Amino acid sequence: MKLKPKNWESFQHYKDRSPPWIKLHKSILDDRHFQRLPDASRALAPCLWLLASESKDGVFDGSFEELAFRVRQTEKWVEAALKPLISNKFFIMVQDASAVL
């Protein structure tokens, strides 16, 4: 599964490269939808934004196995934390163009 942050373009200051940092707007503090997420989901989101910064288009490997390794958590923890982020549309699943139809 491939994932991409919603409104990824708003995270990018430099559009033509993969920066070592991302913008984190203080508006997230007053985002009621974000603040109502489980603690694990709110902890995971910035890590996923950083993973998205590794590619120009913001798309990254969202498999539980890969994410568990990258954020140093269990697959079970990642799955539980990721589901609310997807269902609340903070991250969208991207169709893999190379997948066989």
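Residues numbered from 1 in each chain as written. Predicted model: local features only at pLDDT ≥ 70, side-chain atom pairs only at ≥ 80, totals over all residues. Heavy atoms only, no water.

Visitor: Looking at this structure, how should I read the overall build of the protein?
Guide: Within the protein, the secondary structure is distributed over four helices and three strands. Ordered by position from N to C terminus, the α and β elements of the protein give β-α-α-β-α-α-β. By the burial criterion, 33% of the 101 residues in the protein qualify as buried. Nonlocal contacts in the protein, meaning residues at least 24 apart in sequence, comprise 66% of its contacts between residues at least 6 apart. Roughly 6,800 Å² of accessible area belongs to the protein as shown, and the carbon and sulfur atoms make up 55% of that amount. (Helix = DSSP H or I, 4+ residues; strand = E, 2+ residues; numbered from the N terminus. Buried < 20%, exposed > 50% of the residue type's maximum accessible area, 1.4 Å probe, protein only. Contact = heavy atoms within 4.5 Å. Areas by Shrake-Rupley, 256 points an atom, 1.4 Å probe, with all protein chains shown as cover.)

Visitor: Help me understand the pairing of strand E1 (residues 2–5) in this model?
Guide: It is a general feature of regular strands that their side chains alternate between the two faces of the sheet. With two bridges connecting them, E1 and strand E2 (residues 60–61) associate as antiparallel partners. Bridge assignment links Leu 3 to a residue of E2, and that residue is Phe 60. (Pairing = 2+ DSSP bridges.)

Visitor: Just to check I follow, could you spell out the environment of Leu 67 for this structure?
Guide: Position of Leu 67 relative to the elements: it lies in helix H3 (residues 64–71). On the accessibility criterion, Leu 67 (0% relative accessible area) is buried. Expressed as a C-alpha distance, the spacing of Leu 67 and Glu 79, which sit 12 residues apart in the sequence, is 9.2 Å. Not counting the four nearest positions on each side in its chain, Leu 67 is found in contact with Leu 3, Leu 48, Leu 51, Phe 60, Asp 61, Gly 62, Arg 72, Val 78 and Leu 82.

Visitor: Any chance you could explain the sheet that holds E2 here in plain terms?
Guide: Think of a sheet as strands paired side by side through backbone hydrogen bonds, with each pair either parallel or antiparallel. Ordered in space as E2-E1-E3, the three strands form an open sheet in which the pairing is antiparallel. At either margin of the open sheet sits one strand with a lone partner, and together these are E2 and strand E3 (91–94).

Visitor: What am I meant to see in the pattern of salt bridges here?
Guide: Pairing between side chains of opposite charge can happen when their charged atoms approach one another. Counting across every chain of the model gives three salt bridges. Here Asp 39 ties to Arg 42 by a salt bridge, and the two come within 2.4 Å at their closest N and O atoms. Pair noted here: Asp 39 and Arg 42 are both in helix H2 (residues 39–52), with a separation of three residues, about one helical turn. Asp 39 sits in the exposed class, given a relative accessible area of 57%. When its relative accessible area of 26% is taken as the criterion, Arg 42 is described as partly exposed. As a salt-bridge pair, Glu 54 and Arg 70 come within 2.6 Å of each other at their nearest N and O atoms. Of the two residues, Glu 54 is situated in the loop between H2 and E2 and Arg 70 in helix H3; the sequence distance between them amounts to 16 residues. (Salt bridge = Lys/Arg side-chain N within 4 Å of Asp/Glu carboxyl O.)

Visitor: Looking at this structure, I do not really get the environment of Trp 8. What am I missing?
Guide: With respect to the helices and strands, the residue Trp 8 is situated in the loop between E1 and helix H1 (32–35). According to the relative accessible area criterion, Trp 8 is buried, its value standing at 2%. Between the alpha carbons of Trp 8 and Trp 49 there is a distance of 8.6 Å; along the sequence they are 41 residues apart. Setting aside its immediate chain neighbours within four residues, Trp 8 contacts Ile 22, Trp 49, Ala 52, Ser 53, Ser 55, Lys 56, Asp 57 and Gly 58.

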